[in-house]
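Given next are the chains, with one letter for each unit.
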Amino acid sequence: MNDFQPILTKHVGQPGSATLDYYLIHEGYQAARQAIHEMTSDAVIQVVKDSGLQGRGGAGFPTGVKWSFIPRNSRKPKYLINNADESEPGTFKDRLLINHNPHQVIEGMIIASKAIDCHLAFIYIRGEFVKEARLLETALEECRANHMLGKGIFGSNFDLDILVHRGAGAYICGEETGLIESLEGKRGWPRIKPPFPAIEGYLKSPTVVNNVETLANLPHIILNGADWFRAIGASHDSPGPKLYCLSGHVKKPGVYEAPSGIELTELIYELAGGIKDDRRLKAVIPGGSSSPVLTASEIDGLKMDYPSVKAAGSMLGSAGIMVLDETTDMVQVCYNLARFYAHESCGQCTPCREGTTWLTKILRRFTQGQGRREDLDLILEVTDNIGGLIDFSLGSYGKTICPFGEAVAWPVRAFVQKFRNEFMDYLVEDAVA
Amino acid sequence: MPLLKIDDQTFEVPKGARVLDEALKAGIEIPHYCYHPALSVVGSCRMCAVEIDGIPKLQTSCSTLVGELPPEKKFEGQYDMVVHTRSDKVVAARKSALEFLLLNHPLDCPVCDQAGECLLQDYSFKYGHAHSRFIEEKRVRPGEDLGSGVVINQNRCIMCTRCVRFTREITGTHELFVENRGNDNRIAVFDGHPLDNPLAGNVADICPVGALLLKDYMHTTRVWLLSHTPSTCTECTTGCSITVDGAKDRIYRIISRENAQANGHFICDYGRYAFHQYEDDVLTTPQLKDGAEWTEISWEEAYQQVVDRIGEYGGQQAVRALASPTFPNESNYLLGQLMNQLTDKKSIALLPVKQQEDQVFPMGFRISGDKGGNHRGARDVIHNLAAGTQSFHKGDLGVLIVLDGDGRGEITESIERLFAAAPFTVVLASNRSDITRLADLVLPVAGPFEREGTVTNDQGLVQWLQPAVQLKGQARPDWQVVAELSQALIGEGAMYTCAGDVTWKINQTIEAYSQITRFKIGKFGQFVESAA
Ligand SMILES: Cc1cc2nc3c(=O)[nH]c(=O)nc-3n(C[C@H](O)[C@H](O)[C@H](O)COP(=O)(O)O)c2cc1C
Ligand code: SF4
């Protein structure tokens, strides 16, 4: 870690870093030029596959592999969508990338477009990111004015335009098929898969949805090669620079760029300066609100890459790390979380629409001192019925259209299982006794 | 062809076959709410989840299509897909889906019109929990009038969105949508844009629970008190298959009866509510006009009147007739036969009906503009049909015998002239209409839902009309009255003992109908031989 130099956030804080002029002085668009002029689509896909880059949107799916699902000989147009919805609680990395270096993201989109032969790409950005949307519009305008977007970019015969689409503030529009529906002008209701977006996505055409951070990595992979990327971080299988969002009870919350596989304790105690007021750590939510909470003892030596966090019974997700100290009331946190999910459920499938609200009602009852002993098992059963039995070795048994069901079931379940004693303190009988 | 195994049954199915469809076809029940064969698949209710070998997650059988596996990947060396509909996991998933659906449900079955034909009730009984574990407060929301005679009970809605998809995909009118998000989801219409299309009533038919209800039917009866008669709508030449739900002498509602050869899954609102048109001014006895007064007479007197008047006004050669575009083939056929024997001219024409524009909906449903539901059949089964009534005025015009048009007969100038010129007019009708008002003698016959026989739609599909309610007063079946008239006038007709006898006679004498039998018509009809 000591000799790690930031890659994605290198220019953060530099005056003018969001402008094209600044970006061009700092090797900007060289990778895109190279991909457009000197590389075939297959070559781009291959180098990204070889690099081991995994999607940074949450699921950690290998990016090159995802691209290779796009049917090559389909006569339909192919679309790339940059997922800038960043709505997972605890996550605020994409926003930083857009704010400080929008061209890096756009360059990544050009490279991805080359890879999948896309000529119209979209940036789906959450509605609240007003400033960021404007910044992107300005940056895209700069590109168009300099023939880096539009007809025949960089003097080639490759056409590409990128449009910004602002969402209206729904968490579920970050889920890729909900996003696609929303982009089509419909209600953000996720679609049943298959067909997967790579076959039938936006306007029933082959579509790739990639996260902002995923795309921002691409210029560096093209310029420096797959081996260079593979060598970054502790894990050969899950390499690269990674943005970690630290929030909650730490002294210095913020986005930290570090090699994948950095230890969670290093992130918390060194980069983020340790626990606020030097209190004791109680628990950490490691990958955004959808990831199961880990207790203080579970994070010892935990490496922050996709496979390691999964092995620990949670997930790296969006790397939104929420640190909870000893003063935290876990029942309240759990209730708050359930309430968020009940509010954000699109309401399409039965278990999620009904179950999230049921959980919220039960948990609210707890916070009001009306919990019953049997409710604890009931909560666990309800989470099972929404998100399926959680056994990472078997995969999940999701009962919903989209992974939102699991996203609420897993964390709620973890809270109740790992902090059962705190829930017991809220029981109505115990209060009376 | 892929080999599909569902539980212990094996099927060869076409590639791309839908697991749910295949199961249902084979009589294997997989409970489902959101899936409807006429609508797009959303897979949202989660009731139809099944376990499929090789896939760890349960899959919705509505959205799972059977593909073909390479030989080395086939299950048990032969199956392309192995589906379990009764495994522990499936049973548990159904149970939990039902539990979720009932959390906020008011459980007001005793006052709910859907009770007895409610999929929530049926599946809960079969697959659900007996007790609720939900002790929180239920979500309570007021009901609303959505327009076009449809109301919604929001508390019973299970958000299957069949109705929303119906107005998007079938009618293309887009009135219904889902408002709000998550647990606050509700079916709604936009302010000032109520449900307003001629197929609107179908949303109540396809609602699997008691959420969408027809005002017309609401709180009128209980479904288990009704008899369900499969029949055919004659309100236009589309000829939809319907089920007439009635009890003794009253019809409570008409719903669509699925028939791929005719209407598909739906019916229009004209047809749905048409039965109300025949509730008033029902004719129950033969009546003779005496100046401005109508006098009730017996059937014997009535037939004698016809015989006497024919003798009085020019004899048999002077008799003219109008066939009905709405009556079944049988009475039209008999009238045609009678006329061909009474006269040696083209002495029978069709009563004209009001014509409108066809209404065609995006998914192909068509409400025909031709309101003479059996127009084609009447033309098919009458020999020597005159193109119009002009020729009737040549020479003597004697007694005019008319089959009514069930309120859809149009009194054109030439019809008015004909009635004015005829010295004596006999009308066979079920209800008083514009036509009966012009008659001298009215013979009460079966109404549209009391008739029996065949009707032929504009595609040449012959379907059966099944009487759904009893005849009123002294009214007689239409075919029988024409047969009795024939008996009185030419001594032929007594050999017919039921409508089916006449159907058989049509089969024997009308070339195009030589394949049409009651048996072949069955529930879904039989096409006439095309001329080509
Ligand atoms: C409920 C839900 C919300 C999501 N929100 C986001 C989001 O805000 N941003 C994002 O990039 N991915 C989000 N995802 C993940 C996307 O569905 C998708 O996997 C991702 O954008 C793919 O990009 P990647 O391959 O580059 O990771 C969400 C997924 C779910 C289930
Ligand atoms: S799981 Fe929840 S959010 Fe996802 S589609 Fe179903 S109801 Fe919507």
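Keep in mind that this is a model prediction, so the values were computed, not measured.

*Asks:* I keep staring at the overall build of chain B and nothing clicks. Help me out?
*Replies:* A tally of regular secondary structure across chain B gives 13 helices and 26 strands. Seen through its C-alpha atoms, chain B measures out along the principal axes to roughly 85 × 55 × 35 Å. The buried share of chain B, reckoned over its 532 residues, is 48%. Residue pairs in contact within chain B that sit at least 24 positions apart in sequence constitute 68% of those at least 6 positions apart.

*Asks:* What am I meant to see in the interface of chain B and chain A here?
*Replies:* Where interface size is quoted, it is often the accessible area lost as the parts come together. Listed per partner, the contact involves 25 residues of chain B and 27 residues of chain A. Among the elements that line the side of chain B that touches chain A, the one with the most residues is helix H2 (residues 88-102) of chain B, at 5 residues. A breakdown of the residues in the side of chain B that touches chain A according to their chemical character gives 12 nonpolar, 8 polar and 5 charged.

*Asks:* Just checking my understanding: could you explain the sheet that holds strand E13 (residues 250-256) of chain B for this structure?
*Replies:* Picture the strands of a sheet paired through backbone hydrogen bonds; they go either parallel or antiparallel. Residue and element names in this part refer to chain B. Spatial strand order, E11-E12-E13: 3 strands in an open sheet with antiparallel pairing. The sheet terminates laterally at strand E11 (227-232) and E13, the two strands that pair on one side only. If you compare each strand with its neighbour and ignore which way they point, the axes differ by 30 degrees on average. Relative to E13, strand E12 (residues 241-247) runs antiparallel, the two being bridged by 6 bridges. The partner of Ala247 across the bridge, within E13, is Arg250.

*Asks:* Would you explain the packing of helix H2 (residues 30-38) of chain A against helix H9 (residues 212-224) of chain A in this entry?
*Replies:* Angle between the axes and distance between the axes are the two parameters that describe a pair of packed helices. Residue and element names in this part refer to chain A. In the contact formed by H2 and H9, the axes pass within 8 Å of each other and the chain directions differ by 65 degrees. One finds that H2 runs roughly perpendicular with respect to H9. In this structure, H2 crosses over H9, and the sense of that crossing is left-handed. Between H2 and H9, the residues in contact are Gln30, Ala31, Ala32, Gln34 and Ala35 and Pro219, Ile222 and Leu223, respectively.

*Asks:* Could you clarify how one ought to interpret the pairing of strand E9 (residues 186-189) of chain B in this entry?
*Replies:* Where a strand is regular, its side chains alternate between the two sheet faces. Residue and element names in this part refer to chain B. What you see with E9 is a clean split: Ile187 and Val189 sit on the buried side and Arg186 and Ala188 on the side with no burial. In the sheet, strand E8 (residues 176-179) pairs with E9 via 4 bridges, with the strands oriented antiparallel. Bridging across to E9, Glu179 finds its partner in Arg186. Linkage of E8 to E9, two consecutive antiparallel strands, is achieved through a turn of 6 residues, within which Asn180 is found at a positive phi near 65 degrees.

*Asks:* Just checking my understanding: could you explain the site of ligand 1 for this structure?
*Replies:* Residue and element names in this part refer to chain A. Around ligand 1, a shell composed of 25 residues is seen, among which Gly55, Gly57, Gly174, Asn211 and Thr214 lie nearest. Only strand E4 (207-211) and helix H16 (404-418) provide two or more residues apiece to the shell around ligand 1. Of the residues contributing to the shell around ligand 1, the split by class is 9 nonpolar, 9 polar and 7 charged. Composition of the shell around ligand 1 by domain shows at least three residues from each of domain 1 (20-230) and domain 3 (330-432).

*Asks:* Which parts of the structure should I look at to understand the packing of helix H14 (residues 350-367) of chain A against helix H15 (residues 373-387) of chain A?
*Replies:* All names here are of chain A. It is at 9 Å that the axes of H14 and H15 come closest, and there the two elements cross at 160 degrees. The pairing of H14 with H15 is recorded here as roughly antiparallel in orientation. Regarding H14 and H15, the two cross each other, and that crossing is left-handed. The segment H14 lies against H15, with Pro351, Cys352, Gly355, Trp358, Leu359 and Ile362 engaging Asp375, Leu378, Ile379, Val382, Asn385 and Ile386.

*Asks:* Just checking my understanding: could you explain the domain arrangement of chain A for this structure?
*Replies:* Residues and elements named next belong to chain A. Its domain assignment divides chain A into domain 1 (20-230), domain 2 (241-325) and domain 3 (330-432). Using C-alpha coordinates to define each centre, domain 2 is positioned 23 Å away from domain 3. Taken residue by residue, the interface counts 9 residues in domain 2 and 10 residues in domain 3. Here the residues of the side of domain 2 that touches domain 3 sort into 3 nonpolar, 5 polar and 1 charged.

*Asks:* Sorry if this is basic, but what is going on with the sheet that holds strand E8 (residues 294-295) of chain A here?
*Replies:* Residue and element names in this part refer to chain A. In space, the 5 strands of this open sheet follow the order E6-E5-E9-E7-E8, with mixed pairing throughout. Among the strands making up the open sheet, the edge pair consists of strand E6 (254-259) and E8. Direction of pairing for strand E5 (residues 241-248) relative to E6: antiparallel, over a ladder of 6 bridges. Bridge pairing links Cys245 to Val255 in E6.

*Asks:* In this structure, what is going on with helix H13 (residues 330-344) of chain A? I would like to understand it.
*Replies:* Quick reminder: α-helices carry 3.6 residues per turn. Residues three or four places apart thus point the same way. All names here are of chain A. The first and last C-alpha atoms of H13 sit 21 Å apart over 15 residues, in line with the 21 Å expected at 1.5 Å per residue. Those residues of H13 that fall on the buried side of the exposure criterion are Met330, Val331, Val333, Cys334, Tyr335, Leu337, Ala338, Tyr341, Ala342 and Glu344. Where H13 is buried, its residues meet strand E9 (320-325), H14, H16 and helix H17 (420-424).

Rules used in this analysis
- Residues numbered from 1 in each chain as written.
- Chains lettered and ligands numbered in written order.
- Predicted model: local features only at pLDDT ≥ 70, side-chain atom pairs only at ≥ 80, totals over all residues.
- Helix = DSSP H or I, 4+ residues; strand = E, 2+ residues; numbered from the N terminus.
- Buried ≥ 20, exposed ≤ 12 C-beta atoms within 10 Å, placed from the backbone.
- Contact = placed C-beta atoms within 7 Å.
- Nonpolar A, V, L, I, M, F, W, Y, C, P; charged D, E, K, R; others polar.
- Pairing = 2+ DSSP bridges.
- Axes fitted to C-alpha atoms, helices over the stretch in contact; angles between N-to-C directions.
- Parallel < 35°, antiparallel > 145°, perpendicular 65-115°, else oblique.
- Left-handed = near helix turned anticlockwise from the far one by under 90°.
- Near = placed C-beta within 6 Å.
- Domains from an automatic or database assignment.
- Expected span 1.5 Å × (residues − 1).

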